[in-house]
Amino acid sequence: MNEYQFIKDQDPEIYATLVGEEERERKGVELIPSENYVSKAVREANGSVFTNKYSEGYPGRRYYGGQEFTDIMETITIERAKKLFNAKYANVQPLGGAAANVAMYFALMEPGDTVLGMDLSHGGHLTHGHPTTAINKVFNFVRYKMKDVDTGEIDYEALRQVALEHKPKIILAGFSAYSRELDYEKFVAIAKEVGAYTVADMAHIAGLIAGGVAKNPFDAGFDVITTTTHKTLRGPRGGMILIRENEDIAKRINKAVFPGMQGGPHMNTIAGKGVAFGEALTPAFKVYVAQILKNTKAMEVVFKAHDVRLLCGGTDNHLLLADVFGSLGITGQEAETVLDEVGITLNKNMIADETRTAMDPSGIRFGTPAMTTRGMKEREATKLAEIMITTMQAKDDSAKKVELQREVQTLCEAFPVPEKFV
Ligand SMILES: *Cc1c(COP(=O)(O)O)cnc(C)c1O
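Residues numbered from 1 in each chain as written. Predicted model: local features only at pLDDT ≥ 70, side-chain atom pairs only at ≥ 80, totals over all residues. Heavy atoms only, no water.

## Re the sheet that holds strand β9 (residues 170-174)
If you trace the seven strands from one edge of the open sheet to the other, you get β4-β12-β11-β10-β9-β5-β6, paired in mixed fashion. In the strand order of this sheet, the two ends are held by β4 (89-91) and β6 (140-144), each with one partner. Averaged over all pairs of adjacent strands, the angle between strand axes in this sheet comes to 20°, irrespective of strand direction. Taken together, the three bridges between strand β10 (residues 197-201) and strand β11 (residues 224-228) define a ladder with parallel strand orientation. Following the sheet pairing, Val199 is matched in β11 by Val224. (Pairing = 2+ DSSP bridges. Helix = DSSP H or I, 4+ residues; strand = E, 2+ residues; numbered from the N terminus. Axes fitted to C-alpha atoms, helices over the stretch in contact; angles between N-to-C directions.)

## Focus: the packing of helix α12 (residues 283-305) against helix α16 (residues 378-393)
Two numbers describe how α12 lies on α16: the axes approach to 8 Å, and their chain directions differ by 40°. Judged by the sense of rotation from one axis to the other, the crossing of α12 with α16 is right-handed. Residue-level contacts link Gln291, Lys294, Asn295, Ala298, Met299, Val302 and Phe303 of α12 to Glu378, Ala381, Thr382, Leu384, Ala385, Glu386, Met388, Ile389 and Met392 of α16. Considered class by class, the residues forming the contact of α12 with α16 number 10 nonpolar, three polar and three charged. (Left-handed = near helix turned anticlockwise from the far one by under 90°. Contact = heavy atoms within 4.5 Å. Nonpolar A, V, L, I, M, F, W, Y, C, P; charged D, E, K, R; others polar.)

## Focus on the side chain of Thr229
By the secondary structure assignment, Thr229 is in the loop between β11 and β12 (239-243). Residue classification places Thr229 among the buried residues on the basis of a relative accessible area of 0%. Look past the residues within four positions of Thr229 in its chain and what remains in contact with it is Arg234, Gly235, Pro236, Arg237, Gly238, Gly239, Met240, Lys273 and Phe277. (Buried < 20%, exposed > 50% of the residue type's maximum accessible area, 1.4 Å probe, protein only.)

## Regarding the domain arrangement of the chain
The assigned domain composition of the chain is domain 1 (44-280) and domain 2 (286-414). Listed as interface residues are 23 residues of domain 1 and, on the opposing side, 26 residues of domain 2. When residues of domain 1 are sorted by the area they lose upon contact with domain 2, Ser179, Arg180 and Arg234 head the list and together hold 28% of the total. Our count for the contact surface shared by domain 1 and domain 2 stands at two salt bridges. Two residues, Arg309 and Asp150, come together in a salt bridge whose shortest N-O distance is 3.0 Å. The interface formed by domain 1 and domain 2 contains 15 residue pairs in polar contact (both at pLDDT 80 or more). Counted by class, the side of domain 1 that touches domain 2 contains eight nonpolar, 10 polar and five charged residues. (Domains from an automatic or database assignment. Buried area = accessible area lost by both parts, 1.4 Å probe. Salt bridge = Lys/Arg side-chain N within 4 Å of Asp/Glu carboxyl O. Polar contact = N/O pair within 3.5 Å; in protein donor to acceptor, adjacent residues only side chain to side chain.)

## Thoughts on a nonpolar patch on the surface
Taken together, the side chains of Tyr54, Tyr63 and Tyr64 present a nonpolar region at the surface, about 390 Å² in accessible area. For Tyr54, the position within the fold is in the loop between α3 (40-46) and β2 (57-58). (Patch = residues over 30% accessible without salt bridge, like charges linked within 9 Å, V, L, I, M, F, W, Y side chains within 5 Å. Areas by Shrake-Rupley, 256 points an atom, 1.4 Å probe, with all protein chains shown as cover.)

## Some points on the environment of Val194
Within the secondary structure layout, Val194 lies in helix α8 (residues 184-194). Exposure remark for Val194: the relative accessible area of 12% places this residue in the buried category. With 28 residues separating them in the primary sequence, Val194 and His166 have C-alpha atoms 9.2 Å apart. Beyond its immediate chain neighbours, meaning those up to four positions away, Val194 contacts Ala163, Leu164, Lys167, Pro168 and Ile171.

## Concerning the sheet that holds strand β13 (residues 319-323)
Judged by pairing direction, the sheet is antiparallel, and its three strands sit side by side in the order β13-β16-β15 without closing on themselves. Across the chains shown, the open sheet's two edge strands, defined by having one partner strand only, are β13 and β15 (347-349). Averaged over neighbouring strand pairs, the angle between their axes works out to 35° when direction is ignored. Taken strand by strand, α12 contacts β13 and β16 (363-367), and its axis lies near 15° from that of β13.

## With respect to the site of the ligand
The immediate surroundings of the ligand are formed by 14 residues, with Gly97, Ala98, Asp201, His204 and Lys231 found nearest. Here Lys231 contributes a side-chain N or O atom positioned 2.8 Å from an oxygen atom of the ligand. In the complex, the protein chains occlude 83% of the 380 Å² of accessible area that the ligand would expose alone. Per element, the largest residue contribution to the shell around the ligand is three residues, and it comes from helix α5 (residues 97-108). Residue composition of the shell around the ligand, by class: three nonpolar, nine polar and two charged. (Near = heavy atom within 4 Å.)

## Some words on a negative patch on the surface
A cluster of acidic side chains, namely Glu22, Glu25, Glu35 and Glu419, defines a negative patch on the protein surface. By the secondary structure assignment, Glu419 is in the segment after α17 (398-414). Of the residues examined, Glu419 reaches a relative accessible area of 45% and is grouped as partly exposed. (Lys, Arg positive; Asp, Glu negative; His and termini not counted. Charge placed at Lys NZ, Arg CZ, Asp CG, Glu CD.)

## Let's talk about the pairing of β12
For β12, a buried count of five out of five residues is recorded, marking the element as mostly surrounded by other parts of the structure. The alternating pattern of β12 places Gly239, Ile241 and Ile243 on one face and Met240 and Leu242 on the opposite face, and all of these are buried. Bridge analysis of β4 against β12 gives three bridges, and the strand direction is antiparallel. Directly across from Asn91, in β12, lies its bridge partner Ile241. Pairing geometry for β11 and β12, over five bridges, is antiparallel. By the bridge assignment, Val224 is partnered in β12 with Ile243.

Written out as structure tokens, the structure reads:
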């Protein structure tokens, strides 16, 4: 049966785009490290009747009637989130990672207060105070960086000096373009010294933490974790805030999300989060995230064998950053375009201490969460890395690119996008 039967009958224009997107997702290799394929169960929840319901407030304390099922469902989702991350409190209503961060800032600070976060050019995210964001007009952002871009080690001594000088209210760990583990204990020690909250934005690596293959910042004593739910965690597009143990912080976070920032929560998405968290609690999910790491390691080996410079000197997580301009003489934009031609999707990326422009930087960023969901293992990761390098070397050779595109297609046909993970 066609799963989009009603759309097909009623709205051929939108239907055509759905069919196109489904085919696009199936026939190319997705290496954008922030993307993934969710289960059919998650999509059913996301497309469910819960989209009809207004549920402003929290379970047991709502502004509208008719909450007998939403209350049960949101409570289940919260309990699963707490279990996954070993948190005492969870707010599952943020509409995305950006919304979660904005609510967190307002919960923990007053306008004009200071956040100490990762330098954006060294891996930090837009929502960590990029000049073009609204939040940058409200709070003051100061930065720490890597000490050595070729090992990825954070300059904790400089971080401490900046903290002592600027007295931030929040010390923020977390990134979207960085491939090493952080020393969370050091963040906590410095935060104690200056009286700051510790917040980890784990948007990219939440799945790795939930599955036990990356360190949980709560184990080192972090106060708060913000995250997306749709990256390695493999849930619907959305956000979440976790609080380790402090009830006062939890109350302020809840108020900041609603009514502070948002109106009615998207209950259909919360149901999708609940289903995804249920999946993440299974042993199969641990196997999945362990394979993500094995696959990025396999790719790292190939890139190193070809003397391609990797930022941070390699990877501990689900992603890699390669200086393709410095190593292969192809710009990040050119690499993105030529890889797209052979069916490999990834993104250009600025590298630390970039000398080129944001629109045509030196690097590419790629990762393995989505290809691992398709069941690809080290052998396929190795093959893909080799195809990537050959493609970048043969960027002007049309015949070669056709050949490479066929190889990618064969690989995709052998690893269809799955619908069930448990
Ligand atoms: C992806 C990401 C976000 C933003 O998430 P959205 O759901 O796109 O708003 C925030 N922080 C980090 C570190 C991210 O990687």
